[in-house]
Every structure is written in structure tokens, then in C-alpha cells.
Amino acid sequence: MKILHTADWHLGKKLHKHDLSKDHQLFLDWLINLIHEQKIDVLLISGDIFDLANPPIEARAMYYWFLRQMIQLKCKIIITGGNHDSAQMLDAPKDILQLLDIKVVGGTETPIENEIVVFENLVVCAVPYLRDADLRQAIEGESGTSRIENVRLGIKKHYDTLAVICQEKYPNLPKIAMGHLYANGSISSESEREIQIGNLASVEGADFSPIFDYVALGHIHRPQIIGGNERIRYSGSPIPLSFSEKNDQKIVLILDISANKIQEIKTIEVPKFRELKRISGTLEVVKSKLIAFQNEAPLKSFLEVEVVEENFNPLIIKELNDCISLYDDENAIVLKHKISFKNEVKSSEELFVEGENLEDISEKSMLQKRLEKENSLSDEHRALMMEAFTELLLMVEQDDEN
Ligand SMILES: [Mn+2]
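Residues numbered from 1 in each chain as written. Predicted model: local features only at pLDDT ≥ 70, side-chain atom pairs only at ≥ 80, totals over all residues. Heavy atoms only, no water.

Asker: Help me out: how do you make sense of the coordination of the manganese ion in this one?
Answerer: Six octahedral donors around a metal ideally sit at 90 or 180 degrees from one another, while four tetrahedral donors ideally sit at 109.5 degrees. Distances from the manganese ion to its protein donors, namely Asp8 (OD), His10 (NE2), Asp48 (OD) and His221 (NE2), fall within the range 2.0 to 2.4 Å. Site description for the manganese ion: donor spacing in sequence, D-x1-H-x37-D-x172-H. When its relative accessible area of 0% is taken as the criterion, His10 is described as buried. (Donors = N, O, S within 2.8 Å, 3.2 Å for Na, K, Ca; no water. Buried < 20%, exposed > 50% of the residue type's maximum accessible area, 1.4 Å probe, protein only.)

Asker: Teacher, can you tell me more about the sheet that holds strand S10 (residues 214-218) here?
Answerer: Hydrogen bonding along the main chain pairs the strands of a sheet, whether they run parallel or antiparallel. Overall, mixed pairing links the 6 strands, which are arranged S7-S8-S9-S10-S12-S11 in an open sheet. Where the open sheet ends on each side, the last strands, each with one partner, are strand S7 (116-119) and strand S11 (224-226). In this sheet, neighbouring strand axes are inclined to one another by 30° on average, regardless of whether the strands run parallel or antiparallel. (Pairing = 2+ DSSP bridges. Helix = DSSP H or I, 4+ residues; strand = E, 2+ residues; numbered from the N terminus. Axes fitted to C-alpha atoms, helices over the stretch in contact; angles between N-to-C directions.)

Asker: I keep staring at a nonpolar patch on the surface and nothing clicks. Help me out?
Answerer: Side chains of Ile71, Ile96, Leu99 and Leu100 sit close together on the surface and give an oily, nonpolar patch of about 410 Å² of accessible area. Tracing the backbone through its elements, the reader meets Ile96 in helix H4 (residues 94-99). Judged by relative accessible area, Ile96 falls into the exposed class, the value being 56%. (Patch = residues over 30% accessible without salt bridge, like charges linked within 9 Å, V, L, I, M, F, W, Y side chains within 5 Å. Areas by Shrake-Rupley, 256 points an atom, 1.4 Å probe, with all protein chains shown as cover. Salt bridge = Lys/Arg side-chain N within 4 Å of Asp/Glu carboxyl O.)

Asker: I'm lost on helix H6 (residues 147-169) in this one. Help?
Answerer: Each full turn of the α-helix corresponds to 3.6 residues, which orients residues three or four apart in the same direction. Over its 23 residues, H6 extends 33 Å from the first C-alpha to the last, a length consistent with the 33 Å expected when each residue adds 1.5 Å. The set of residues buried in H6 consists of Asn150, Val151, Gly154, Ile155, His158, Tyr159, Leu162, Ala163, Ile165 and Cys166. (Expected span 1.5 Å × (residues − 1).)

Asker: Is there a simple way to explain the layout of surface pockets in this structure?
Answerer: Unfilled space is identified by rolling a water-sized probe across the atoms. Each pocket or cavity is described by its volume, and for the second largest pocket that value is around 250 Å³. Looking at the second largest pocket, the residues that line it are Thr108, Glu109, Thr110, Pro111, Ile112, Asp134, Gln137, Ala138, Lys157, His158 and Thr161. At the level of secondary structure, the elements contributing two or more residues to the lining of the second largest pocket comprise helix H5 (132-138) and H6. (1 Å grid on protein atoms, 1.4 Å probe; cavity = no way out; pocket = protein on both sides within 12 Å on 5 of 7 lines; lining within 4 Å. Points joined across faces, edges and corners; volume = space filled by probe spheres on them.)

Asker: Is there a simple way to think about the nonpolar core in this case?
Answerer: Buried together is how nonpolar side chains tend to be arranged in soluble globular proteins. Counting residues in hydrophobic clusters, the biggest one holds 43 residues, and the most contacted among them are Phe27 and Tyr63. Taken together, the elements giving at least two residues each to this core come down to helix H1 (21-37), strand S4 (42-46), helix H2 (57-71), strand S5 (76-80), helix H3 (87-91), strand S6 (102-105) and strand S13 (251-258). Per element, the largest residue contribution to this core is 7 residues, and it comes from H1. For this core, the two domains that each supply at least three residues are domain 1 (2-269) and domain 2 (281-397). The contacts of Phe27, once residues within four sequence positions are left out, are Thr6, Trp9, Pro238, Ile239, Val252, Val270 and Phe273. (Core = buried A, V, L, I, M, F, W, Y, C linked by side-chain atoms within 4.5 Å. Domains from an automatic or database assignment. Contact = heavy atoms within 4.5 Å.)

Asker: Help me understand the packing of aromatic side chains in this model?
Answerer: Inspection of every chain in the model, using the stated rule, returns 8 aromatic pairs. Through a chain of ring-to-ring contacts, the aromatic side chains of Trp9, Phe27, Trp30 and Phe66 assemble into a single cluster. A cation over an aromatic ring shows up here: Arg274 above the ring of Phe302, its NZ or CZ 3.8 Å from the ring centre. (Phe/Tyr/Trp six-rings, centres within 6.5 Å; stacked < 30°, edge-to-face > 60°. Lys NZ or Arg CZ within 6 Å of the ring centre and 35° of its normal.)

Asker: Got a minute to help me understand the domain arrangement of the chain in this structure?
Answerer: Interface size is often expressed as the accessible area that is lost when the parts come together. Under the domain assignment, the chain is made up of domain 1 (2-269) and domain 2 (281-397). Between domain 1 and domain 2, the C-alpha centre-to-centre distance is 33 Å. Roughly 1,500 Å² of surface becomes buried between domain 1 and domain 2 when both sides are summed, with 66% attributable to carbon and sulfur atoms. Considering only the surface of domain 1 that becomes buried against domain 2, His16, His18 and Phe243 emerge as the three largest contributors, covering 39% of it. The tally of links from domain 1 across to domain 2 stands at 1 salt bridge. Across the salt bridge formed by Glu194 and Lys364, the nearest N and O atoms sit 2.8 Å from each other. Where domain 1 touches domain 2, the interface holds 1 residue pair in polar contact (both at pLDDT 80 or more). Mapped by element, the contributors of at least two residues to the side of domain 1 that touches domain 2 are H1 and helix H7 (196-199). When grouped by side-chain class, the residues that make up the side of domain 1 that touches domain 2 number 6 nonpolar, 4 polar and 6 charged. (Buried area = accessible area lost by both parts, 1.4 Å probe. Polar contact = N/O pair within 3.5 Å; in protein donor to acceptor, adjacent residues only side chain to side chain. Nonpolar A, V, L, I, M, F, W, Y, C, P; charged D, E, K, R; others polar.)

Asker: Help me understand the sheet that holds strand S17 (residues 332-341), please; the structure alone is not making it clear to me.
Answerer: Sheet architecture is open: 3 strands sit in the order S15-S16-S17, paired in parallel fashion. Two strands bound the open sheet, and with one partner strand each, they are strand S15 (276-281) and S17. Within the sheet, the average angular offset between the axes of one strand and its neighbour, ignoring direction, is 15°. Here 6 bridges tie S15 to strand S16 (residues 301-309), and the two strands are oriented parallel to one another. Bridging from a neighbouring strand, Arg278 pairs with Glu304 of S16. Sheet strands in contact with helix H8 (residues 283-292) are S15, S16 and S17, and its direction is about 145° off that of S15. Along the sheet face, helix H9 (residues 314-326) touches S16 and S17 and points at about 175° away from the line of S17.

Structural data, given as C-alpha cells:
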């Protein structure tokens, strides 16, 4: 039996206001072909199908188009909700999708047994992103030493409960757990939203019961193994979702199971449908690089332009802005640009370098910069304010999703 693990598609995602639907379409065409060629039996998508709780119509249409193509391939599909997905939105069509052999677990199920999917000789614990309320419920009556510890305990308890049920009911079958969470030691990029109290409440690889033969994780966009344990993995996102991922090799994973054991875990590279590149230098250098730029991928490249000049000169800023707005090339699109001057005298009040976009600054780094200016605050106070702010941020984001 062959199982394909992927996650973090983020359908509907825009990168600096630029639509990624062509990237997603090319990925899905490629994936359908791969599933067909490799005769995949089960497809696991570990959360963040959509980028937004209320995704645009085009993204929803693409999702259903994909599921429609999959029906012909007779591949079992298991989809779980991520922190970007609305659990209710994903779950809305679940009953009709179930009839088509597509299992959707947008949010936690009651009873918890409903998260267990048995398909031929395989058991899958389809655990979605566990929200604060789910975790509070999980550890009712018992608690750790801090809120951070409680989150970790809540997550561990959820998996342990499933592990006990699976072991009792299906002692000899291979078992896979899905999850959308922040695991300790994982290396994130810039496109994940912080979860679990600002990533403080991380789950350890060792928190997953050894009865799980494989843990198919989502949330972190770089593919990686957790805690040196080959059986606990993030597949990462199939397409780059931020410039920080421009050099990452994107992958999907294929597990080969026979004799009720995982025999092999294969990494399949996703082709690069679009290049993300940074072009930097003085204005003259950048201009000539832009003219000479050659594209090697099917879609136009996305460029990040960074001009560094010696001395402050407003005319250079204007010239750069004109150059960017007039740049119309069949090879590339400039998504963002900025300029800085090495010898610029900055006023102490100035928080941002010239040309830095507001959308590039996270809410937390904004507060960080503000707190740095408060000389009367102790480090402890600063840390407390940051923690409270992180919690508020999480509440606002979760509210957005519902
Ligand atoms: Mn994600």
C-alpha cells in the first residue's frame, strides 16, 4: 500500500498581493499525475488546505476540482484542518464527501473515535489543528505548572487517547497519526503564523506514542524530520509561500507499506514552477540585472529588489520607483523593492528603514521595537508584555477564523 503525505497548500494565498493560483494549478496537475503513476492508495493532507478561513471562490473551486479529479483515481483521501482553515468551513460538505471516500476532519470530533479512519489494513488518526478550547477540554481536571505546559499536555493527551484506542482495537495494523502543530526544534520560514502561545508550547517528538509508525505533520513550511526521528515528519508546503523559502526544495512524501510495516519513506521533489529571486546592488547594477534577467521556470519569476547606495539621494529613490513601475517583462514580476543608504543619518525616532513595507513587519516585531524605547521597563516586564501581547494576537487571529 502506498500513502502520500502533503500539507500546507494554502489555496487562495497571495504573495505580496500577487495571486498564486497558477502555481497551485500546476502543482495539482503534477500531483494528480504522480498519484496516478505511482498508484497511490491513500492521500493525506495535514492541514492548511486554504490560506484563509473564508477563502475566495476561485480557491474553493480549485479544491473541489481537485477532489473531482481524484475520484477517478480511486485514491482514499484524508483531509484535516490547519490553523489557517476554518474547521466549520472544511467540515460543511463532509457528509457528502464521505460518500465519495473522502474523509474530512476540519475540527476535533466528539467522540474522539471519529478521528480514526480504518482503510483496508491501515489505521489513520486524522487529528486536526487543536485549538485552545479543544486543549482545555482535553486536560480538564488535571493541569501542568503553566499555561505553556498545559497546551503541550493537552496535545499529548489527545494523541495518547487515540493511541490507546487504536492499540486496543487494531493491535497488528500499521498506524499513522496526522497533526497540524509546532514541534520543538522545527525550522520555520516566514510564512507560518505562530500558534501554541507564540510557538512557546512546543510538542516534543517523544510526545508521540511509539505505537504510531508514522506522524504526518503540517504547519511548518520547510520539509523536515523532527528530533532525528525518521517517523515524525513535516512534508512542508508544495510551493514557496514567502521569499525566505526561495532556495528550499519542495517535496511530497510517499510511504510504502507491506506486511503491516512501513518499508520505505521516499522523498519526491516537486518541480519548481516559479523562481523566487532577490536582486541586489546599486541602482545601476539592479537596472542591468533586471534587463538581463532570464527565466527558467514555466511561470514568470517573482523578484525582490534591494538597492543599496552609499549616500542619501532622493532622486535615486524616485528613479528606482519609476524603474519598478515601468518594468514590464515577460520573464519576471517585481513583487517588492526597497532602498537603503549606507551613510544615512537616522533620527532616533525613526523606526523603519526607507522602503520597508508595513506588511513585512510582524505585529510582534513592531511591539518589540516600541518596547526597546521604554528605558524604564525591566527585561522581565518587557517579556511579560510580549507574552500577553502574543496571547491577544492569537485570540484575534482565531476570532478571525470563526
Ligand atoms: Mn501552513
